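Coordinates in review
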Amino acid sequence: MLRVKQNYVQQLKQINHTQGLAGLLVSLIVIVIAFSLETLAFFIGYSTTSTDTSQAILKFACFLLAACLLYLLINPFNHVQSLKVIKNWKANLLVYLPFLIFVYWVTGTGTLTIYDLNWENIFDCLTIGVVEESIFRLLFFNWFLSKYPQNFLGVLSAALISSFWFALMHIYFSFFPNSLANLYYAINQSVYAFFFGFICATIYYYSKSILIPIVFHALNDFVAYSSNQSWYIYSVKELESILSSLILPLIVALLLGSCFIYQALKQRGFVNKKID
């Protein structure tokens, strides 16, 4: 029979939700302002005399400022920082090597060429990675961690539910004015986002480092942008075909993420063997 040390549960209850939510609200306002700066630069004539690279750097600097503020203000939700770093090289090998293979498989980085290295796309993808991982892993995932029992099923539930909200957020693709994406595409994106978010949550829980899912997220978006894929799925039959191709990655992600959770609990001493 397995049990979990209760001192971790007590640590998780020491959280200032009001401060975290206020920080999220302020940060979102700052992000909107940062989005507007690029438009403002156009009106003052900046874009007419600058290169694409300099515009990309300006935009990235604005977003990076907002992302840093977002990270600092919702930091009270980051329970993972109180966990010890796992230094067992065998356990790390069992986690990070399958993770890297999975990243290479699902992102399709092997298709990239030197001609895909567009600076504006790189900066945009880094920004999206920072902001979305801060919201859905630092905030949502850790908030659910504080609400569930800190055993395998509790952490698994927190990862699954936060990933569900991450997937739900991607439905917005079909509701933008003049959006290139339709509802079928949004459904496809939400399914992909679900297992993508689950892997990000579980590797974050194991590693303690939000930088790993941020880099993974940025790389995934960069490959997607570079491939110039269509944002439109024309029929239910086409959607069914695409979704069927995601079944294997979904199963692998759930299995890998579950292993990451168990290894994290085991290596940190939260799972002990108890003889009845």
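The rules we used
Residues numbered from 1 in each chain as written. Predicted model: local features only at pLDDT ≥ 70, side-chain atom pairs only at ≥ 80, totals over all residues. Heavy atoms only, no water. Phe/Tyr/Trp six-rings, centres within 6.5 Å; stacked < 30°, edge-to-face > 60°. Helix = DSSP H or I, 4+ residues; strand = E, 2+ residues; numbered from the N terminus. Buried < 20%, exposed > 50% of the residue type's maximum accessible area, 1.4 Å probe, protein only. Contact = heavy atoms within 4.5 Å. Polar contact = N/O pair within 3.5 Å; in protein donor to acceptor, adjacent residues only side chain to side chain. pLDDT = per-residue confidence, 0-100.

**Concerning the packing of aromatic side chains**
Inspection of the entire model under this criterion finds 15 aromatic pairs. Look at F141 and Y204: their rings are 6.2 Å apart centre to centre, the planes differ by 65°, and that puts the pair in the edge-to-face class. Linking F141 in helix α6 (residues 119-145) with Y204 in helix α8 (residues 183-207), this pair joins segments that are 63 residues apart in sequence. Take F141 and Y204: they sit in the same class, and that class is buried. A ring pair is formed by W143 and F144, whose centres lie 5.2 Å apart and whose planes are at 80°; its orientation type is edge-to-face.

**Focus on the environment of I210**
As for its placement among the helices and strands, I210 is situated in the loop between α8 and α9 (211-226). On the basis of relative accessibility, which here comes to 8%, the residue I210 falls in the buried class. Taking the C-alpha atoms as reference points, I210 and S134, separated by 76 residues in sequence, lie 7.9 Å from one another. Residues contacting I210, with those up to four places away along its chain left out, are Y71, E133, R137, L138 and Y204.

**Re the side chain of T202**
Here T202 shows up in helix α8. On the accessibility criterion, T202 (1% relative accessible area) is buried. Separated by 3.1 Å, the side chain of T202 and the backbone oxygen of I199 make a polar contact. Discounting chain neighbours no more than four positions away, the residues touching T202 are A159, G257, F260 and I261.

**Brief notes about the confidence of the model for the chain**
The predicted coordinates of low-pLDDT regions are not to be read in fine detail. For the chain, per-residue confidence averages 77 on the pLDDT scale, and 70% of positions sit at 70 or higher. The spread of mean pLDDT over the elements of the chain runs between strand β1 (residues 2-4), the lowest at 44, and helix α11 (residues 247-267), the highest at 94. Segment residues 1-9: pLDDT under 50, and 23 contacts once partners within four positions in sequence are set aside and those in other chains are kept.

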